[in-house]
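Summary of structural features
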Amino acid sequence: MQIADGTVVSINYTLTDDENNVIDSSDGGEPLTYIHGANNIIPGLEKALSGKTMGDRLEVAVPPQEAYGLRDDGLSQVISRSRFESSQDIEIGMQFQTPTEDGVTVVTVTAVDAENITVDANHPLAGITLHFSVEVVAVRAATAEEMDHGHAHGPGGHHH
Ligand code: ZN
């Protein structure tokens, strides 16, 4: 079966950046299982997988525009420590969920000093070209229930 909209696809993958640092990998865990065409994965990777079949291996470089977007320096904000309930434990790299007009956004702490904390609302992978090494391990038709939910069930998918 070829990968097309409405198929459930399982992949083993390793994701690296331009410097070959491993960002994420399914190594040692379950494959990633998703519904093709349901916006479950980034558009650039989904496009590259279209038409592939079980056993295919591919190397894909996905530019930020087809992944998590370009970085927007306007999304960085300096916030007074006094606005945090307890600011003494806040360190660079910590992530918080904050409510915004567009729903909940995850912000990352990028700088701390005696008075202020700088947070960045860019996705941690914004502006980064993503290099995927992928092996297609299974392709099957999605069930009506999976299509209804918009995600895959079973091993590697949602369990509910
Ligand atoms: Zn479900």
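Everything below is about the structure shown above.
Rules of the game
- Residues numbered from 1 in each chain as written.
- Predicted model: local features only at pLDDT ≥ 70, side-chain atom pairs only at ≥ 80, totals over all residues.
- Heavy atoms only, no water.
- Donors = N, O, S within 2.8 Å, 3.2 Å for Na, K, Ca; no water.
- Tetrahedral: all angles 85-135°; square planar, octahedral: opposite > 155°, others 65-115°.
- Buried < 20%, exposed > 50% of the residue type's maximum accessible area, 1.4 Å probe, protein only.
- Helix = DSSP H or I, 4+ residues; strand = E, 2+ residues; numbered from the N terminus.
- Pairing = 2+ DSSP bridges.
- Polar contact = N/O pair within 3.5 Å; in protein donor to acceptor, adjacent residues only side chain to side chain.
- Contact = heavy atoms within 4.5 Å.
- Phe/Tyr/Trp six-rings, centres within 6.5 Å; stacked < 30°, edge-to-face > 60°.

Below, the discussion takes up the coordination of the zinc ion. Protein ligation of the zinc ion involves His149 (ND1), His151 (NE2), His153 (NE2) and His160 (NE2), the donor distances falling in the range 1.9 to 2.1 Å. Here the zinc ion is ringed by four donor atoms whose angles at the metal span 94 to 122°, and the overall shape comes out tetrahedral.

Glancing now at the pairing of strand β4 (residues 57–62). Of the two faces of β4, the one lined by Leu58, Val60 and Val62 is fully buried and the one lined by Arg57, Glu59 and Ala61 carries no buried residue. Judged from the six bridges that link them, β4 and strand β9 (residues 130–141) form a sheet pairing that is antiparallel. Note that in β9 the partner of Leu58 across the bridge is Val134.

The topology assignment puts Asp120 in strand β8 (residues 116–120). In this structure the side chain of Asp120 is engaged in a polar contact, spanning 2.7 Å, whose partner is the side chain of Arg71. Ignoring sequence-local partners within four residues, the contact set of Asp120 consists of Arg71, Leu75, Ser76, Val106, Val107, Thr108 and Thr110.

A few words on the packing of aromatic side chains. Using the criterion set out here, one finds one aromatic pair in the structure. Judged by centre distance (6.4 Å) and plane angle (55°), the rings of Phe84 and Phe96 are tilted. Pair noted here: Phe84 is in the loop between β5 (76–80) and β6 (95–100) and Phe96 is in strand β6, with a separation of twelve residues, a long-range link.

Worth remembering: the numbers are spatial, not functional.
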